[in-house]
Amino acid sequence: MSSTPTTPLVSGEKAGRREQILTAAAELFAQHGFHGVGIDDIGAAVGISGPALYRHFRSKDAMLGEMLTSISRYLLDGGEAHAERDGDADEVLAALVRFHVDFALTHPALITVQERSLANLADTDRRQVRALQRRYVEVWVRVIRAAVPGLDQAHARSAAHAVFGLINSTPHSRHLPDDQQAALLERLALGALHAA
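On a predicted model such as this, the values are computed, not experimentally measured, just so you know. (Residues numbered from 1 in each chain as written. Predicted model: local features only at pLDDT ≥ 70, side-chain atom pairs only at ≥ 80, totals over all residues. Heavy atoms only, no water.)

A.B. asks: Explanation requested: the confidence of the model for the protein chain in the structure shown.
C.D. replies: Parts of the prediction with low pLDDT should not have their coordinates interpreted in detail. Across the protein chain, pLDDT averages 91, with 92% of residues at or above 70. Of the regions scoring below 50 in pLDDT, residues 1-6 engages in 16 contacts with residues more than four places distant in sequence or in other chains. (pLDDT = per-residue confidence, 0-100. Contact = heavy atoms within 4.5 Å.)

A.B. asks: Help me understand the UniProt feature "DNA-binding region" (unreviewed entry) in the protein chain in this model?
C.D. replies: Sites flagged by UniProt as "DNA-binding region" (unreviewed entry) map to residues 38-57. Secondary structure across residues 38-57 divides into 40% helix and 0% strand, with the first and last C-alpha atoms of the span separated by 14 Å. (UniProt positions renumbered as here; feature names shortened; annotations may be inferred. Helix = DSSP H or I, 4+ residues; strand = E, 2+ residues; numbered from the N terminus.)

A.B. asks: Hey, could you run me through the environment of G150 in this one?
C.D. replies: Tracing the sequence through the fold places G150 in the loop between helix 6 (123-147) and helix 7 (153-168). In the structure, G150 is positioned 100 residues away from G50 in sequence and 55 Å away in space, judged by C-alpha atoms.

A.B. asks: Please clarify how the layout of surface pockets should be interpreted in this entry.
C.D. replies: Over the atoms rolls a probe the size of a water molecule, and in doing so it shows where empty space is left. Its volume calculated, the largest pocket comes out at about 470 Å³. Every residue lining the largest pocket is counted, 21 residues in all, and those nearest its centre are L75, Q114, Q133, F164 and N168. By residue number, the principal contributor to the lining of the largest pocket is helix 6, which donates six residues. Looking at the lining of the largest pocket, its residues break down into 10 nonpolar, seven polar and four charged. (1 Å grid on protein atoms, 1.4 Å probe; cavity = no way out; pocket = protein on both sides within 12 Å on 5 of 7 lines; lining within 4 Å. Points joined across faces, edges and corners; volume = space filled by probe spheres on them. Nonpolar A, V, L, I, M, F, W, Y, C, P; charged D, E, K, R; others polar.)

See the structure below:
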């Protein structure tokens with residue numbers, strides 16, 4: 001069984017400065033758009049010169065590619081870990097919803113970058129991100145169908161995408177403290193899924 005990763009950006013020996021750079025870049029890309037941010041802006045955000053970033057990433061495009069690939073892999077690994085846990089189908093579904101809600105509330109900039117900048121990825125990175133995303137959706141389809149008997153794959157897939165839309169709207173619609181927002185999103189998501 002896989003375990004939930006601790007960070008959506010980088011792991012293992014790559015952590016540290018690279019994660020700091022990707023986190024700063026995500027915030028800047030979310031605020032100003034991918035094309036509105038220069039390498040010097042990212043460097044300034046982490047206290048180094050723009051050209052010094054090239055020791056860590058070959059380009060701004062490579063930075064975006066690693067950022068979106070890493071968060072897609074993080075969601076897939078975490079989703080699979082929750083889907084494989086012991087418990088009844090409703091508990092597993094609730095844990096999967098909670099996992100995605102937690103991601104959305106703790107990493108709103110990454111959701112915004114994903115929404116706005118996917119088209120800016122190099123073809124190879126875009127194909128990899130899309131493949132990881134499709135696998136994550138299929139984890140949800142499997143868990144939803146176990147918890148909502150009689151739901152076919154097409155309806156479960158549509159329900160998963162609808163719930164992603166609900167949860168991923170949080171960067172644009174946060175009006176409550178995180179704990180209350182999380183509880184609300186979880187109730188709404190589970191209610192919608194069980195009504196599908």
